[in-house]
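Commentary on secondary and tertiary structure
One letter stands for each residue in the lines below.
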Amino acid sequence: MLTEKDLNEFQNKLLDRRVQIEKNLRGTTLELEEMRELELNDEGDFAAASAETIIDSAILIQQRKELNEIELALDKIKVGTFGVCEMCEEPIGRARLEVKNFARFCITCREITEKESK
């Protein structure tokens, strides 16, 4: 079971990560806007800019997804359900939470959900 100290540590890690992601999102969004305003001189420039835009867009999507997971984890800390598997309702191992602070499932249930989504 997680102690109050553990919960505070995880909350601080989640808040720090949220700040970092929000900063990344602002930076990437600005870069994409600047790129749209560029005058691209040839097909090579356009192709390079397009490839970079696709990569940046994929990163933006992934970061927004992570931000949603972080918000959910912070809400769980508030209501006292952080660190509990959403599927089997057993505690999620501390080691797993250290690696993925916003984990919603224990290892066993995560493997089940991944197999079902394929």
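Thresholds, definitions, all that
Residues numbered from 1 in each chain as written. Predicted model: local features only at pLDDT ≥ 70, side-chain atom pairs only at ≥ 80, totals over all residues. Heavy atoms only, no water. Core = buried A, V, L, I, M, F, W, Y, C linked by side-chain atoms within 4.5 Å. Buried < 20%, exposed > 50% of the residue type's maximum accessible area, 1.4 Å probe, protein only. Helix = DSSP H or I, 4+ residues; strand = E, 2+ residues; numbered from the N terminus. Contact = heavy atoms within 4.5 Å. Phe/Tyr/Trp six-rings, centres within 6.5 Å; stacked < 30°, edge-to-face > 60°. Patch = residues over 30% accessible without salt bridge, like charges linked within 9 Å, V, L, I, M, F, W, Y side chains within 5 Å. Areas by Shrake-Rupley, 256 points an atom, 1.4 Å probe, with all protein chains shown as cover. Salt bridge = Lys/Arg side-chain N within 4 Å of Asp/Glu carboxyl O. Lys, Arg positive; Asp, Glu negative; His and termini not counted. Charge placed at Lys NZ, Arg CZ, Asp CG, Glu CD. Polar contact = N/O pair within 3.5 Å; in protein donor to acceptor, adjacent residues only side chain to side chain.

A word on the nonpolar core
In terms of nonpolar packing, the biggest core is built from 21 residues, with Leu 14, Ile 70, Phe 82, Cys 85 and Leu 97 touching the most fellow members. When contributions to this core are tallied by element, the ones reaching two or more residues are helix H1 (4–37) and helix H2 (43–79). With residues up to four places along the chain from it excluded, the contact list for Leu 14 reads Ile 70, Ala 73, Leu 74, Ile 77, Phe 82, Asn 101 and Phe 102.

Topic: the packing of aromatic side chains
Here the structure, examined in full by the defined rule, presents 1 aromatic pair. Ring plane angle 45° and centroid distance 5.5 Å describe the contact between Phe 10 and Phe 82, whose orientation is recorded as tilted. Taken together, the residues span a long stretch of sequence, with Phe 10 in helix H1 and Phe 82 in the loop between H2 and helix H3 (94–99) at a distance of 72 residues. Each member of the pair Phe 10 and Phe 82 is classed as buried.

Quick word on a negative patch on the surface
A cluster of acidic side chains, namely Glu 31, Glu 33, Glu 34, Glu 37 and Glu 52, defines a negative patch on the protein surface. Counting residues per element, the negative patch draws most heavily on H1, at 4 residues. Its place among the elements puts Glu 52 in helix H2. The partly exposed category is assigned to Glu 52, whose relative accessible area is 43%.

As for the pattern of salt bridges
Any two side chains of opposite charge can pair, given that their charged atoms come close. Under the criterion given, the structure shown has 11 salt bridges. For the salt bridge of Glu 9 with Arg 94, the shortest nitrogen-to-oxygen distance reads 3.6 Å. Here Glu 9, found in helix H1, pairs with Arg 94, found in helix H3; they are 85 residues apart in sequence, far enough to count as distant. For Glu 9, a relative accessible area of 31% corresponds to the partly exposed category.

Observations concerning the environment of Asn 101
Residue placement: Asn 101 occurs in the loop between H3 and helix H4 (107–117). Take Asn 101: its relative accessible area is 16%, and that puts it in the buried class. Once the C-alpha coordinates of Asn 101 and Ala 73 are considered, the two residues, 28 residues apart in sequence, prove to be 7.9 Å apart. Contacts of Asn 101, omitting those with residues within four sequence positions, involve Phe 10, Lys 13, Leu 14 and Phe 82. Reaching out from Asn 101, the side chain makes a polar contact with the backbone oxygen of Leu 97 at a distance of 2.7 Å. Within polar-contact distance, the side chain of Asn 101 engages the backbone oxygen of Glu 98 at 3.4 Å.

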